[in-house]
Amino acid sequence: MSGSRTVRKLAVAASLLPLLAACGSEAASHSASGGKAPAGSSGQLDVPADAGADLKKQYLMENTIASCMKKQGFTYTPEPPMDPASSWAHDGADYELTKKFRQKYGFGYSAAAVYPDDPQVPGSKAATKPSANAEYVATLTPAQKTAYDKAMGGPPDTKVGEKDWTGCEGTANKKAYGSASAQERSAATASRNQANAQALNGDQKLVSLAQSYASCLKKDGIPVTTTQPTGIGEMVKLQAARSVPAGARGSGAAADETSEEPMSKEEALPLLTKEIDLAMKDLECGKEFRAAYFPKFLKAPGTTGAG
């Protein structure tokens, strides 16, 4: 995957952060395609019939980029966009799925060193295999790579006054989202997410359940740093993330970003055991809260995945 592709996906994810504070991604590698082949003989993705409006736009962007790059003389394989609901389901929206995940993987931080060949584990070798696009780009000469990146384009450079994505990225953005600039859409999304978060944090039932959630965590000796409905659901997970050595995250992409040597299975297993215990306590303490929170979160105006 080229750098610009990574940036675009991060930008989309970042626009949702204010509302997703309680919605971590233990199964972020799940896509709306359910693991099926990314594109048919036409080189275009088939859009799932049950995809929400925002997800359909992401599919349109992928297909548009593929067509645009082909006209520029390059190959681009459209990648099925991740349906946020698939990760939320494994992070409390679906209690049984979350329980099944956490009983084996904890929060998913220390599991990669213990299960290096399990594609369900973030950072494992199986979960970090190069995409078809990354493999294709690797075959290009330096000059071809430069031309490819220019054709693909990227986010606007505000330092030179740009307001829109460039290249095929820009073409796809315009086709999916219309004439509004990237800056205008970003501002509208931020405003909408802020309003949604304020509504959730002001919901008295959620506030009460969050307080009970916090009391349960304290009884188990788990530090509580926030009781806001939009923050408490991911609080324990974030605390756990800060305590996990990079070497325990496996030999995949996450570990390659550091100079720390990957841990052996024997070294990581005690960390995973501890993480599983913490993850299960968090899940049980927050069971009632999440059962009330996610239905309201998913129905919030403009929430991706809500249909």
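Residues numbered from 1 in each chain as written. Predicted model: local features only at pLDDT ≥ 70, side-chain atom pairs only at ≥ 80, totals over all residues. Heavy atoms only, no water.

Visitor: Could you give me a rundown of the layout of surface pockets, with the residues and numbers involved?
Guide: The volume enclosed by the second largest pocket comes to roughly 320 Å³. In terms of lining residues, the second largest pocket is bounded by 17 residues, among which Ala 240, Ser 243, Lys 274, Glu 275 and Leu 278 are the most central. In terms of residue count, the dominant contributor to the lining of the second largest pocket is helix H13 (residues 265-285) (6 residues). Tallied by class, residues from the lining of the second largest pocket come to 8 nonpolar, 4 polar and 5 charged. (1 Å grid on protein atoms, 1.4 Å probe; cavity = no way out; pocket = protein on both sides within 12 Å on 5 of 7 lines; lining within 4 Å. Points joined across faces, edges and corners; volume = space filled by probe spheres on them. Helix = DSSP H or I, 4+ residues; strand = E, 2+ residues; numbered from the N terminus. Nonpolar A, V, L, I, M, F, W, Y, C, P; charged D, E, K, R; others polar.)

Visitor: Got a sec to walk through the environment of Ser 208? Specific residues and values, please.
Guide: Among the structural elements, Ser 208 can be located in helix H10 (residues 204-219). We classify Ser 208 as partly exposed; its relative accessible area is 45%. For the pair Ser 208 and Phe 289, spaced 81 residues apart in sequence, the C-alpha to C-alpha distance is 8.8 Å. (Buried < 20%, exposed > 50% of the residue type's maximum accessible area, 1.4 Å probe, protein only.)

Visitor: Outline the nonpolar core, supporting the account with residue identities and numerical values.
Guide: By size, the foremost hydrophobic cluster in this structure holds 25 residues, and its most contacted members are Leu 217, Ile 232, Phe 289 and Tyr 293. Of all the elements in the fold, those that place two or more residues in this core are H10, helix H11 (229-243), H13 and helix H14 (287-298). With 6 residues, the top contributor of residues to this core is H10. The contact partners of Leu 217, leaving out residues within four places of it in the chain, are Ile 222, Val 224, Met 235, Val 236, Asp 282 and Cys 285. Counting 15 residues, the second largest nonpolar core, distinct from the first, contains Phe 74, Tyr 76, Ala 151 and Met 152. (Core = buried A, V, L, I, M, F, W, Y, C linked by side-chain atoms within 4.5 Å. Contact = heavy atoms within 4.5 Å.)

Visitor: An account of the state of the cysteines is needed here, citing residue identities and associated values.
Guide: In total, this model carries 2 disulfides according to the counting rule given. Across a sulfur-sulfur distance of 2.1 Å, Cys 216 and Cys 285 are joined as a disulfide pair. Since a negative S-S torsion denotes a left-handed disulfide, the Cys 216-Cys 285 link at about -65 degrees is left-handed. Placement of Cys 216 in helix H10 and of Cys 285 in helix H13 is noted, with a sequence separation of 69 residues between them. Indicated for the protein chain is the disulfide connectivity 1-2, 3-4, based on numbering the bonded cysteines in sequence order. (Disulfide = S-S within 2.5 Å.)

Visitor: Residues and numbers for H10, please.
Guide: Along an α-helix, a turn takes 3.6 residues, which lines up residues three or four apart on a common side. When the terminal C-alpha atoms of H10 are compared, their 23 Å separation across 16 residues agrees well with the 22 Å that a helix rising 1.5 Å per residue should span. By the burial criterion, the buried members of H10 are Leu 206, Leu 209, Ala 210, Tyr 213, Ala 214 and Leu 217. Looking straight down H10, one finds its buried side chains confined to an arc of 145 degrees; they lie on one side. Opposite the buried face of H10, by more than 90 degrees, sit the exposed residues Gln 204, Lys 205, Lys 218 and Lys 219. Turning to H10, the residues buried within the fold contact helix H9 (182-201), H11, H13 and H14. N-capping of H10 is provided by Asp 203, with a side-chain oxygen placed 3.0 Å from the backbone N of Lys 205. Just beyond H10, the residue with positive phi is Gly 221, at close to 75 degrees. (Expected span 1.5 Å × (residues − 1). Arc of directions from axis to C-beta. Polar contact = N/O pair within 3.5 Å; in protein donor to acceptor, adjacent residues only side chain to side chain.)

Visitor: So what about empty space enclosed by the protein? Which residues, and what values?
Guide: This model, assessed by the stated rule, comprises 1 cavity of 30 Å³ or more. Considering only enclosed or pocket space, the largest cavity measures out at about 30 Å³ in volume. Forming the walls of the largest cavity are Asp 164, Trp 165, Gly 170, Asn 173, Lys 174 and Arg 185. If you tally residues by element for the lining of the largest cavity, the top one is helix H8 (residues 167-177), at 3 residues. For the lining of the largest cavity, the class distribution of residues is 1 nonpolar, 2 polar and 3 charged.

Visitor: Provide a residue-level description of the pattern of salt bridges, including the pertinent values.
Guide: Summed over the entire model, instances satisfying the criterion amount to 9 salt bridges. A salt bridge links Asp 91 to Lys 237, with the shortest nitrogen-to-oxygen separation between them at 4.0 Å. Of this pair, Asp 91 sits in helix H3 (residues 84-93) while Lys 237 sits in helix H11, placing them 146 residues apart in sequence. A salt bridge links Asp 164 to Lys 174; the nearest nitrogen and oxygen atoms lie 3.5 Å apart. Highlighted residues: Asp 164 in the loop between helix H7 (142-152) and H8 and Lys 174 in helix H8, separated in sequence by 10 residues. Through salt bridges with shared partners, a single network forms among Asp 91, Arg 102, Lys 237, Asp 282 and Arg 290. (Salt bridge = Lys/Arg side-chain N within 4 Å of Asp/Glu carboxyl O.)

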